[in-house]
Amino acid sequence: APTRSVACRATVFYRDTLGGNVSAPQVLPEHGVTVVFVNLGNTKLELLEPLGEASPIAGFLKKNSLGGMHHVCYEVDNVTEAIRSLKENGIRVLNDEPKIGAHGLPVVFVHPKDCGGVLTELEEVKA
C-alpha cells in the first residue's frame, strides 16, 4: 500500500481526533510547498509538505523525517513597523521587506538564533 504523507496522517489526527476544521491541500508553488490549513478554534496550524528538493522545508524534513514543528507565527498589526522595531532591538529578520505569505498577507521571518532557537514568523493581520 502507498505510504500516506506526514501531512495526510496529521490531517486525520487534527480532523478526526481533535475535531478541527481542515482545508483541502493547496499547492503553493511560489512558496515551494503544499499546505493544509487547520483551525482548532483558538489555534491555527499549517501542515506543510515540500514541492521538491528546492523547497524551503526540504532540509528541515531531511533532519526530521517524522515532521515536527517548523516555525511558529504571531499576528501583528503592522509587519513593516515590527521589522523596524526588531532591527532597532538588534533582532535579525530574514528579509528586510515583508513577503506575501500563504494566507496572502504580509509576513517576515525572524532569525531563530534571536528567538530561543525557534524560527518565528510575523504575519500582518488587519483588524
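Residues numbered from 1 in each chain as written. Predicted model: local features only at pLDDT ≥ 70, side-chain atom pairs only at ≥ 80, totals over all residues. Heavy atoms only, no water.

1. Regarding the side chain of Glu 123
Spelled out, the test is: Numbering of helices and strands starts at the N terminus; helices are DSSP runs of H or I of at least 4 residues and strands are runs of E of at least 2. Burial here depends on accessible area, computed with a 1.4 Å probe over protein chains only, as a share of the maximum for the residue type. Under 20% is buried, over 50% is exposed, and the range in between is partly exposed. In this charge count, Lys and Arg are treated as positive and Asp and Glu as negative; neither His nor the chain ends contribute. Here, a salt bridge means any Lys or Arg side-chain nitrogen found within 4 Å of an Asp or Glu carboxyl oxygen.
Mapping Glu 123 onto the fold places it in strand E8 (residues 120-124). Look at Glu 123: it is buried, it has no salt bridge, and the nearest opposite charge is Lys 44 at 6.8 Å.

2. Remarks on the sheet that holds E8
For the record, the criterion: Here a strand pair is declared whenever DSSP counts at least two bridges between the two strands.
Strand order in the open sheet made by the four strands is E5-E8-E7-E6, with mixed pairing throughout. A single partner strand is all that each edge strand has here, and the edge strands are strand E5 (72-76) and strand E6 (99-100). Sheet topology note: the E6/strand E7 (residues 106-110) ladder contains two bridges and is antiparallel. Looking at the pairing, Ile 100 lines up with Pro 106 of E7.

3. Some points on the nonpolar core
Heads up, the condition is: Throughout this description, the term nonpolar core refers to a set of buried Ala, Val, Leu, Ile, Met, Phe, Trp, Tyr and Cys residues connected via side-chain atoms within 4.5 Å.
Core analysis: the largest hydrophobic core is formed by nine residues, namely Val 76, Val 79, Ala 82, Ile 83, Leu 86, Val 93, Val 108, Val 110 and Leu 122. Listed by contribution, the elements that provide at least two residues to this core are helix H3 (79-88) and E7. The biggest single contributor to this core is H3, with four residues. Ala 10, Val 36, Val 38 and Leu 47 belong to the second largest nonpolar core, which has six residues in total.

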